[in-house]
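So you can see what is in the structure, the chains are spelled out below.
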Amino acid sequence: MAVEPEHASVNGRKKPQRPQRTHREVADELRARIRSGVLRPGQRMPTQAQLAAEFGVERQAVRGALRILQSEHLLTNISKGAPATVAERADRAPAGPAAPPQPTTVALAPRIASAFEAEHVHIDAVCLTAVSLTLAMGEPLRQIYAGRLKPAKVDVRVLLPSRSIDLAFPVPVGGRRGRDDPVHERWLAQRNAQGQVLRHNLLALRATHGIDVRVTFRALPFTPPVKLYLLNNTEALFAYYTVTRSEAQIGQESLPTYDAQGVRSMLFAFEQGDGLRDTTFVEQSHLWFNALWETISSELELTD
C-alpha cells in the first residue's frame, strides 16, 4: 500500500502535517508564561529538548526563541549545557524606552498588574469596547485573591463610544442598514457586556478584601481611532486601531464588515521620568483624557 506523501518519513521522522511554529511564536508563548507568573523569576526553564518536543519544533527554533527572551532581559544563563533561568523581576514588564512594542494581549496585563502594586491604583482608558482592559484586569485580580497584592484604593475611569452615534467602525461594508444594523447591535452588546464584567469584578473587591473601589464610564460622541491606557499618572500605553475588512458571523448570516481587532493592536509604552519625550507624552495624554472626560463626554449606562 502506498504511503501518502504528507505522512512519508524523512530521516526516520514523519513530516509535520501542519506548519511548525516559528521561533517568534514560541517566544510569544514563553513570554506570556513568564509575564503571567507560570514561570517565575529564578526558576529553571525546561530543557531545549523538552521545549522542542512540547512545541513540535526543531531545537534551532527553540534557541531562537530563547535568544529573543534573553535580549528582552527575561532569561539568563542561556547556554547549550544547561536550561536557561527566568531573570529576576522578569514578571515586571518593561516600560518607557526599554519596552518593545507588543500586542495588547501580551503587554497590557503585566503593566496593569504592576500598577496594582501601588496603594492607590488609578487607571484611565479610552477604547472601543473594553475587551482588552477586562481581560488584562484578570491578572491583578488573581494576585489580589492569592494575597500577593493589596491596594487600599482603586479608581478606574473608562471612555467608550456612545450608543447613539454612527460608528466609523465596526460597520457593514457598504454602510449601515438604517436603524436595523446587526453589526452596530453586536458592538453595543459587547461594549455593555465587557463594561459590566469589568465593573462587577472590581466592585467585588469591596466585599472580599475591603478595597475602596470606584469604576466610572462616560460616553464619547466619536469613534476613537486609538486606544489609550493611563496608569497611576506615570505611564501611558498607546495603540492604533487598524481597520481591516473581515467577515462577521451574526446569527446565521456572514456579513462583510470594516472592523479593528483591538486585542492585536501593537501597544507602545511611555513612562514619566524616562526622558523629556516620554514625560511629555504621559502629561499630554492625561490632559487630553481629562479634557474629554470633563467637556464633551456624557453619562453612560451599560444597558441595552
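No experiment lies behind these values; they were computed from the predicted model shown.

**Q** Let's hear about the pattern of salt bridges: which residues, and what values?
**A** Inspection of every chain in the model, using the stated rule, returns nine salt bridges. The partner of R31 in a salt bridge is D28, with the nearest N and O atoms 2.7 Å apart. Of this pair, R31 and D28 both sit in helix α1 (residues 23-36), three residues apart, which is roughly one turn of that helix. For R33, the salt bridge goes to E54, with nearest N and O atoms at 2.5 Å. Residue R33 is located in helix α1, and its partner E54 is located in helix α2 (residues 48-55); the two are separated by 21 residues in the primary sequence. Residue E54 is classed as partly exposed on the basis of its relative accessible area of 45%. When salt bridges that share partners are traced, they join E29, R33 and E54 into one network.

**Q** Break down the sheet that holds strand β11 (residues 235-240) for me, citing the residues and quoting the values.
**A** Spatially, eight strands are ordered β5-β14-β11-β10-β6-β7-β9-β15 in an open sheet, and the strand pairing comes out mixed. Whereas interior strands pair on both sides, the edge strands pair on one side only; in this sheet they are β5 (102-103) and β15 (298-299). Bridging between β11 and strand β14 (residues 266-271) involves four bridges; their strand directions are antiparallel. Bridge assignment links E235 to a residue of β14, and that residue is E271. Sheet strands in contact with helix α7 (residues 182-209) are β7 (153-161) and β9 (212-220), and its direction is about 165 degrees off that of β9.

Conventions we followed
- Residues numbered from 1 in each chain as written.
- Predicted model: local features only at pLDDT ≥ 70, side-chain atom pairs only at ≥ 80, totals over all residues.
- Heavy atoms only, no water.
- Salt bridge = Lys/Arg side-chain N within 4 Å of Asp/Glu carboxyl O.
- Helix = DSSP H or I, 4+ residues; strand = E, 2+ residues; numbered from the N terminus.
- Buried < 20%, exposed > 50% of the residue type's maximum accessible area, 1.4 Å probe, protein only.
- Pairing = 2+ DSSP bridges.
- Contact = heavy atoms within 4.5 Å.
- Axes fitted to C-alpha atoms, helices over the stretch in contact; angles between N-to-C directions.

Read these as spatial facts, not as claims about activity.
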